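# Observations on chain architecture
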Amino acid sequence: MTTTPLNDVMAEGDPAQTSNVEQVPDVERPDRWWQVVWSSRKARIGIVIVAAYVLVAVFAPLVAPHDPLDSSFTPLAGASGENWLGTTTDGRDIASQLIYGSRISLLVGLFGGLLATMIALVIGMISGYAEGTIVDDILSFITNVALVIPTLPLIITLVAYSEVRGVWLIVGVIAITSWAGGARAKRAQIITLRNRDFVTAAKFSGEGTMRIVFREIMPNMSSLVAAAFVGSATGAIGAEAGLAVLGLGDSQSVSWGTMLYQANAQGAITQGLWLWVFVPGLVLAILMTGMAFINFGVDLLSNPHLREDA
Amino acid sequence: MKYFARKFGFFVATLWAVVTLNFLIPRLQPGDPAEIIVKKLAGKDAALDPAQVRAMRAMLGAPDGSLLQQYATYLGELVRGNFGLSYSYYPFKVTEVIGQAFWWTVVLVTVTQVLSFAVGIVLGAYAAWRRNSRFDSVVTLGSTFLGTLQPFWIALLLLYVFGYTLGWFPTSGGYEESTPGLNFAFIQEAVSHSFLPALALLIVTPIGWILGMRNTMIMNLGEDYIRLAKAKGLPDRVVALKYAARNALLPSVTGFALALGGVLGGAILVEQAFDYPGLGRLMGEAVENKDYPLLQTLMLLTTVGVLIANLVADLLYGVLDPRARRAES
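Here the structure is a predicted model, which is why all the values come from computation and not from measurement.

Take the packing of helix α9 (residues 207-221) of chain B against helix α11 (residues 236-274) of chain B next. Residues and elements named next belong to chain B. Relative orientation of the contacting elements α9 and α11 amounts to 145°, with a least axis distance of 9 Å. In the packing of α9 onto α11, the handedness of the crossing is right-handed. Residue-level inspection shows G208, W209, G212, M213, T216, M217, N220 and L221 of α9 in contact with α11, the latter providing A244, A245, N247, A248, P251, S252, G255 and A259. In terms of residue class, the contact of α9 with α11 is made up of nine nonpolar, seven polar and no charged.

Okay, here's the thing in C-alpha cells:
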C-alpha cells in the first residue's frame, strides 16, 4: 500500500528548508504502514494503552471481582481486598463498575467513530469531487451549518426528547452531530487529488463517478481517514461521558460518565469519597490520551516530514 | 465588498437553517408532539389534560393545522420574541428565566475564551520556535493529555481540593447575600464564585490553540520569507514574532469562533458541577424537569451566539487578510 501523498510535501514547502535548525535525514523508501506507525514511540504507547482497555472490556466478567450492579456490600466502605476501590453510597463495588464501564466507552467510541467517519467520508468526498457544482454548494452548506452548531447543546436537546436512552441512541446522536469537521477536511483533500493524472486516466477508461471517488481516490487518503476515525472515536467517548454526567446516559448500564453523575448526585466529594470521583475521570482521560497518541503515529503516514520527530 | 456580502449571506442562510432545525427537532418523533410531551410530563397512564396539551401546542408554535402553517406561526412568534412560558419556573417567561442566567455565562465564557486564546497562542508559538526541544514535547504531550480530561471531572476535583479541603473558594452558586448589581460586595462575591469554574474551563480549553498554533507556525517557518528575514540578519525575536507568529495567527482567528461552541459545551458541564447560576445549569435543569420550551430556547440561543461570533470572525478575517477578499471576488 502506498500511502504517501506527495502533495503534502508540496503544499508545505520542502522540509529541507528548515534544516538550519535541525538535520533532516534523507527520507528513505517508505516502510509498510504499520512499521511507520509503530516507529513512533507515542503511537506504541497509545496502542499498548488501548489494547489493554480492549482486553479489560472484553474479559470484564473475568477481571471484575463482582457484579457492577450488585448492591449487597456495606455502603461507603473504603478500599479493601474485597472492594478494591471501596463502595458507593448504595453499596456497589466501585472497581467492578469501573471495569464494566470500559465496555460502554469502547462501544460508543468504536461505533460512534465509525458512523461519524462514514458520514464525513460520503459527504466530504462527493462534495469535493463535485466542487463548483450545485451538489457541492448544498453539501458544503449543510457541512458548514453542522460545523457551527455547538455540539453538546444539540446532543443534549436531541437526547432529552427520547424516552429510552439506550447506548445505540447515544451512538447515533453523537455520530450525526460530529461528522462536519471531518467532512470539510476530506473535501479539501479530494480537491487537491481530483485533477491528478490517475483520476483523468480513470475517467478516460470510462469508470463511473462513484467508482472513481471511492475506489480510485479514497485509497490515497486512507491514512487521513484512519486519523479521522481515531479522532472521531475519541470525541465520541468524550461526548458520551459528557452526556452521562448530566444524567442523560444509558440508564441500563454502567459507564464512567454515569459513575461521575452518581458520585456527584450522592455528594461523594462532600463526604470525602474522592476515589469514587477521581478514578473514573482518570481512566477516561488515559484511554483518550492513548487514542490521541495513536494518531501521532497515524499522522506520520500522511505527513512524511513529521517522521523525523519520532 | 463581495467577500463581506457573501459572509453575511451565509450568516442569514445558516440562521434560517438553525431556526428551522429548532422547529423540526420536537417534531421528529411520530405522533402529535404536544400530546407526547404532555404524556411524558404526566406519566404514562395518566389521562391527558386538554389545557396542558393546548399550552404545549402553543409552545410548539401552532394550535393545529398543517406543518407549514405551524412553521409560519412559529416564525411569527420568534420574530416577536415570544418563546413561551417555562414549566419549571412557571409562570415566568422563558426569556425572563434566561435573562437571569445570561450574563453569568457570557462573562464566564468570554473571559476564559480570551485568556485561553492568549495562553494557547503564546505557548504554541514558542513550542514551534523551539521545535523538538524539551519545552515543545512537554507542551505538546501535556496539552494532548489535558485536552482529554472531562470538564466536569476537573470541576469536581477543583471543588474537592480548593473548595472543600482547603476552603479557599465557595463551593456553589454565584453570590451570597449581596444584591446583584454594580456594587462592590456583589462583584467581589461573583468573582470569588466564578474563579474555580473559570479555572476548570481554562485547564481544558487552550489545547486546540496550542496545537493549532504550533502546527501552522512550523509550516510558516519553512517559508521563503522566513529564510529571507534570517538572511537579512534580523534578530530571532523579530523573525519569530513579527514574521512567523503574525502570519500563523490568522487561521486561529477563524478558529476562535468555532471553538466557542466547544467552550460553551464545557461551560454546561462545569456550571453543573459548581451549581453556577448560568445558562449551562439552566440547561441541566431544563433537561431534568423536561422543560422543553426552556431547552429549545437555550439551544437556539447558544447556536445563534456561536453564529454571530462566527460572522464577526469572518468579517475580521476579511479585514486582516487581503488575500481572503481577493480570492473570492
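On we go.
So, on to the domain arrangement of chain B. Residues and elements named next belong to chain B. By the assigned domains, chain B splits into domain 1 (2-80) and domain 2 (95-328). Every contact between the two is made by 15 residues of domain 1 and, on the other side, 16 residues of domain 2. Elements with a minimum of two residues in the side of domain 1 that touches domain 2: α1 (2-24) and α2 (33-42). With 10 residues, α1 is the single largest residue contributor to the side of domain 1 that touches domain 2. Here the residues of the side of domain 1 that touches domain 2 are counted per class, giving nine nonpolar, two polar and four charged.

All names here are of chain A. Within the element layout of this structure, V48 appears in helix α3 (residues 41-58). Its 11 C-beta neighbours within 10 Å are what place V48 among the exposed residues. The spacing of V48 and G290 is 242 residues in sequence and 8.0 Å in space, taken between C-alpha atoms.

What follows concerns the interface of chain A and chain B. Much of the literature gives interface size as the accessible area that the parts lose upon coming together. With 43 residues of chain A in contact, the opposing surface of chain B contributes 46 residues. Those elements giving two or more residues to the side of chain A that touches chain B turn out to be α6 (134-148), α7 (151-161), α12 (222-245), α13 (256-265) and α14 (274-302) of chain A. Its residues placed into classes, the side of chain A that touches chain B shows 27 nonpolar, 12 polar and four charged.

Take the environment of T258 of chain A next. Residues and elements named next belong to chain A. Following the sequence through the fold, T258 ends up in helix α13. On a C-alpha basis, the gap between T258 and G128 in space is 40 Å, while along the polypeptide they are 130 residues apart. Not counting the four nearest positions on each side in its chain, T258 is found in contact with A244 and G249.

Time to look at the environment of V283 of chain A. All names here are of chain A. Topologically, V283 is positioned in helix α14. Under the C-beta neighbour-count criterion, V283 is labelled partly exposed, with 19 such atoms within 10 Å. Residues V283 and I99, 184 residues apart in the sequence, show an inter-C-alpha distance of 9.9 Å. If we skip the residues at most four places from it in the chain, V283 touches L98 and W256.

Calculation rules
Residues numbered from 1 in each chain as written. Chains lettered and ligands numbered in written order. Predicted model: local features only at pLDDT ≥ 70, side-chain atom pairs only at ≥ 80, totals over all residues. Axes fitted to C-alpha atoms, helices over the stretch in contact; angles between N-to-C directions. Helix = DSSP H or I, 4+ residues; strand = E, 2+ residues; numbered from the N terminus. Left-handed = near helix turned anticlockwise from the far one by under 90°. Contact = placed C-beta atoms within 7 Å. Nonpolar A, V, L, I, M, F, W, Y, C, P; charged D, E, K, R; others polar. Domains from an automatic or database assignment. Buried ≥ 20, exposed ≤ 12 C-beta atoms within 10 Å, placed from the backbone.

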